[in-house]
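What follows is the residue order along each chain.
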Amino acid sequence: MALPYQGKIKGVIFDWAGTMVDYGCFAPLLVFVNVFKKWEIEITAEEARGPMGMLKRDHIKALLAMERIAGLWQERYGRMPEEADVDALYADFEPMLFADLARYTDPVPGALEVVANLRERGLKIGSTTGYTAEMMDIVAAEAKRKGYFPDTLVTPNDVFAGRPYPWMCYRNAELLGIYPMGAMVKVGDTISDVLEGVNAGMWSVGVIQGGSELGLSEAEVANMQAEELEARMQVVEERFKAAGAHYVIKHIGEFPALIDRINERITQAEAVEVLV
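Description of the structure in this document.

About the cut-offs
- Residue indices follow the written sequence of each chain, beginning from 1 at its first position.
- Only residues with pLDDT of at least 70 are given local features in this predicted model, and only at 80 or more are side-chain atom pairs given and counted; all residues enter the totals for whole chains, interfaces and linings.
- Hydrogens and water are ignored here; the side-chain numbers use all heavy atoms of the structure.
- Side-chain atoms within 4.5 Å link the members of a nonpolar core, which is a set of buried Ala, Val, Leu, Ile, Met, Phe, Trp, Tyr and Cys residues.
- For the exposure calls, accessible area comes from a 1.4 Å probe over protein chains only, and a residue counts as buried if that area is under 20% of its type's maximum, exposed if over 50%, partly exposed in between.
- Runs of E in the DSSP output that reach at least two residues are strands. Runs of H or I that reach at least four are helices, and both are numbered from the N terminus.
- Any N or O atom pair separated by 3.5 Å or less is treated as a polar contact, with the protein-specific requirement of one donor-capable and one acceptor-capable atom, and with residues adjacent in sequence counted only for side-chain atom pairs.
- Working rule for contacts: check all heavy atoms of both residues, and any pair within 4.5 Å makes them a contact.

Notes on the nonpolar core
Here is step 1 of the chain: F14, F36 and F255 are the most contacted members of the largest nonpolar core, which totals 82 residues.
Here is step 2 of the chain: Considering each element in turn, this core owes the most residues, seven residues, to helix α1 (residues 26–38).

Looking at the side chain of R163
Here is step 1 of the chain: Within the secondary structure layout, R163 lies in the loop between α7 (133–145) and α8 (167–176).
Here is step 2 of the chain: Polar contacts involving the side chain of R163 include one to the side chain of D15, which spans 2.9 Å.
Here is step 3 of the chain: R163 has contacts with D15, G53, M54, T128, T129, G130, M168, K186, S192, D193 and E196, leaving out every residue within four places of it along the chain.

Concerning unusual backbone geometry
Here is step 1 of the chain: In the segment running from R163 into P164, the intervening peptide bond is cis, with an omega of 5 degrees.
Here is step 2 of the chain: Counting through the fold element by element, P164 comes out in the loop between α7 and α8.
Here is step 3 of the chain: Backbone geometry at D22 places phi at a positive 55 degrees, although glycine is not the residue there.
Here is step 4 of the chain: Classification of D22 as buried rests on a relative accessible area of 4%.
Here is step 5 of the chain: You will see that C25, though not glycine, has its phi angle at about 55 degrees, which is positive.

In structure tokens:
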């Protein structure tokens with residue numbers, strides 16, 4: 001059995017939408033709702049957000065597998081959803097998403113400062129996504145123009161399978177030249193993000209505000225009663241922890257301080273659980 005890693009954190013792998021750009025992760029949400037509506041199936045925002053973070057075709061397949069949505073499909077079309085239906089919905093989904101992607105690429109508040117802080121410490125910045133490579137051509141270019149550009153970008157097109165499988169994280173580690181996986185942290189706003197990090201043997205961190213699990217805009221967060229916001233955030237935190245998150249932070253600005261806490265735990269000879 002390999003000995004636990006006892007050095008410092010060398011790199012961080014961030015998710016994109018809902019974590020570093022597109023506060024609230026609204027670009028794909030609206031398209032999922034609208035594409036099902038085109039097929040005369042009404043899905044809720046909560047249902048649409050459920051599989052968020054997965055490869056988008058897999059996301060549609062997961063939605064069709066939900067009992068309520070599958071039931072609506074059967075009522076409308078006289079049969080349960082099939083693979084051909086996934087393909088048909090995805091064929092409508094892509095052009096709808098491409099039409100709006102560029103508008104949802106603003107860095108979330110604090111993201112640029114976080115990356116600058118990490119780079120000053122000598123950490124490398126990787127990234128994974130549920131978007132395809134073609135989608136990320138748009139998102140990455142626009143985000144770079146606005147100041148955000150990680151050292152590496154890996155999409156589901158680059159590996160065998162997307163989240164919650166660990167392959168995108170492994171590919172980032174290879175490109176960044178970082179080993180072992182316990183020397184890196186995965187940060188994201190969805191359950192599939194957390195699982196991706198856990199499955200890769202990394203420290204896994206869930207971000208609440210700005211993310212898909214909370215599902216609120218900046219204005220909604222700012223204007224919501226403190227008690228209600230805290231209650232909603234508590235629900236998200238519990239979901240992240242149930243998925244195996246080592247830490248949960250309220251917003252991305254809290255992340256740099258977390259690196260110090262993780263490094264302290266490592267020096268105390270505490271390894272990521274999956275590596276023990």
